[in-house]
Amino acid sequence: MIRYFLILLCSIALSQNYQDARMLGLGGAYCTLSSGYRAVGINPANINNGTNSTVNIFSSKSLLMNNFFNLERYNQLNGAHFDNPLTADYYPKEKISNILDGKGLSFSLNSINAIPGLNFSKNNYAFTSNAILYGDIELPQAFVDMMFFGNEINKELDMSFRQNLLISLETGFSYCHNFKDINVGGTLKYLQGIYYSNMEELEKPYFKTDTTAFVGQGSYLIKQGLGGLGFAVDLGISTNEFQNGMKYGLSITNAFSSMKWNSSGLMESLDKAGISFPVREKEYLFLNFAIDSLNAQAMLNATAEDIFNSETYKIAIIKIGEVPLINPLEVEQLPLFYLDQNNLESGVLSSDETLIDPDKIVMLDDGRVVIPTENLDDLDNFNSAPFKTDYPTYLRFGLSKNFRSENILIAADIMTGLDNSFGNEDKWKIALGVELNKNPKVPLRFGLTLGGKDKYRFNVGTGYSFGSMKLDFAYGYVGGFSMNNTRGLNLALNLFYDYKEPNKGELTFIDKIKNMFKKIFSKKENQES
């Protein structure tokens, strides 16, 4: 039990964006099968696909994943010998490097939760609102190298550390138009960023062992943003189901999308309200570390601070063109920081070292300048520097075949990401799904996704229909076909109302309920009489 818990704990991420439980059960093959409000984010041309009205009651989807650990691999590594191939529990160290493909251990989390009551569709229109959480972290590759292979002399080990966190609210209004055999739809989305953080490398971090000592250094810019704002557009096209059961679709999700952060003054407003954050609106955190000539003699004669030097301080970032260029001999009062036009080689200078420490001013290779702000009461000397982040954009093609006489649906999607933001991948994938409706109240779904960094995913789903009220559930494995070899777990659950106008003479779910009560009361009346 403890081992299962450890694997689940290590399995904390996202890649392929599964919208709901039915989509997860079908492995992502949803371009032609989505309908109602569930078509938004996949193919808005399907909004009225086999339905007249849908309302979300509850919907949640979460994916937990890592890039190395699973239960089977944990058992292989636990107590294994890495150097003696003659032992029964030998595990070659090179296999670890091959699996990680030269990267460090990474862990991620993704969750999509529909806002109750704010996801619905009516005929050709839909309105949706979803809360989205995405986070990932990648540990330095050097940790794995040093743990299993030691320190190779004069080899620079990669100490890159990556982290992303996004919390946002995605609200969309959709419309689809039906032509003779083709449906066309679109969604306009408002992207409200709640919180964003990211670590950006400023200098390539490394750790190296030479013939006499250990050395290393690196620096990071830790960004954070509040109150992001952006827009996105979804476009889709799909055919009606032909007489042979075939249907085709094409869609692009989150086209022309990005989010702009720190431009709304939200951080400043919250600060005035007494809600404090680690940094102010125009600030970032600057992290710098250095290991200088660490050897046996240094360890005996020096303090830890002398050997390993790290510092974190608040900074503002400006472009070199925004730094005042002056002649100090011709001005009465110097600005807080400036460039001396008579001595440009000295870089950006400080006129008051008690406010701006000149040793902490850093000129970056890309033309930006790091200015320490720890001792500044206000940041009026700095222009607000909003920054943009990409938002995941997807392109997908889909087809499906309805075997009506057998009550079986088969679907396939070919898809790719158009960027690499927030778990998206610019690699082609294929999704295959089958839905068995032998018992219309309890559908069975199976899906397989091939391609991308995960290589394959296997999903299973089912549900239950209470007339127009429907419950769907699905789970999926990442890089495996069982709990023993999966590197992550994907779970989805939805409860929603799906109303379709009945055929002539057919009773609706509400009509059946009314008739049931009529029979109950008529029996009581007959008994009393």
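Small disclaimer: the values here were computed from a predicted structure and weren't measured.

> Explain the confidence of the model for the chain to me, please; I cannot follow it from the model alone.
Fine structural detail should not be taken from predicted coordinates in areas where pLDDT scores are low. Mean pLDDT for the chain: 84, with 86% of residues reaching 70 or above. Predicted confidence is poor over residues 1-16, with pLDDT under 50, and the contacts of this stretch with residues over four places away or in other chains come to 57 contacts.

> Explanation requested: the pattern of salt bridges in the structure shown.
Side-chain pairs of opposite charge can arise whenever the charged atoms involved come near each other. A full pass over the atoms with the stated rule returns 18 salt bridges. Across the salt bridge formed by glutamate 435 and arginine 22, the nearest N and O atoms sit 3.0 Å from each other. Highlighted residues: glutamate 435 in strand β20 (residues 428-436) and arginine 22 in helix α2 (residues 21-25), separated in sequence by 413 residues. Here lysine 223 makes a salt bridge to glutamate 200, at a shortest N to O gap of 3.5 Å. Residue lysine 223 is located in strand β8 (residues 214-239), and its partner glutamate 200 is located in strand β7 (residues 182-209); the two are separated by 23 residues in the primary sequence. By relative accessible area, which is 17% here, lysine 223 ends up buried. The structure contains a network of salt bridges with shared partners spanning Arg22, Arg38, Glu435, Arg445 and Asp472.

> Before we go on, may I ask you to explain the packing of helix α4 (residues 93-100) against helix α5 (residues 141-149) in this structure?
Where α4 meets α5, the axes come as close as 10 Å, and the angle between the chain directions of the two elements is 170°. One finds that α4 runs roughly antiparallel with respect to α5. Contacts between α4 and α5 involve Lys93, Glu94, Ile96, Ser97 and Leu100 from the first element and Val144, Phe148 and Phe149 from the second. The residue inventory of the contact of α4 with α5, partitioned by class, reads five nonpolar, one polar and two charged.

> How should the sheet that holds strand β12 (residues 325-326) be read in this particular structure?
Each strand in a sheet pairs with another by means of backbone hydrogen bonds, the pair being arranged parallel or else antiparallel. One open sheet holds the three strands; their spatial order is β12-β13-β14, and the pairing between them is mixed. The open sheet has two free edges, formed respectively by β12 and β14 (348-350), since each of these has just one partner strand. Alignment of strand β13 (residues 337-340) against β14, held across three bridges, turns out to be antiparallel. Residue pairing across strands places phenylalanine 337 opposite serine 350, the latter belonging to β14.

Rules used throughout
Residues numbered from 1 in each chain as written. Predicted model: local features only at pLDDT ≥ 70, side-chain atom pairs only at ≥ 80, totals over all residues. Heavy atoms only, no water. pLDDT = per-residue confidence, 0-100. Contact = heavy atoms within 4.5 Å. Salt bridge = Lys/Arg side-chain N within 4 Å of Asp/Glu carboxyl O. Helix = DSSP H or I, 4+ residues; strand = E, 2+ residues; numbered from the N terminus. Buried < 20%, exposed > 50% of the residue type's maximum accessible area, 1.4 Å probe, protein only. Axes fitted to C-alpha atoms, helices over the stretch in contact; angles between N-to-C directions. Parallel < 35°, antiparallel > 145°, perpendicular 65-115°, else oblique. Nonpolar A, V, L, I, M, F, W, Y, C, P; charged D, E, K, R; others polar. Pairing = 2+ DSSP bridges.

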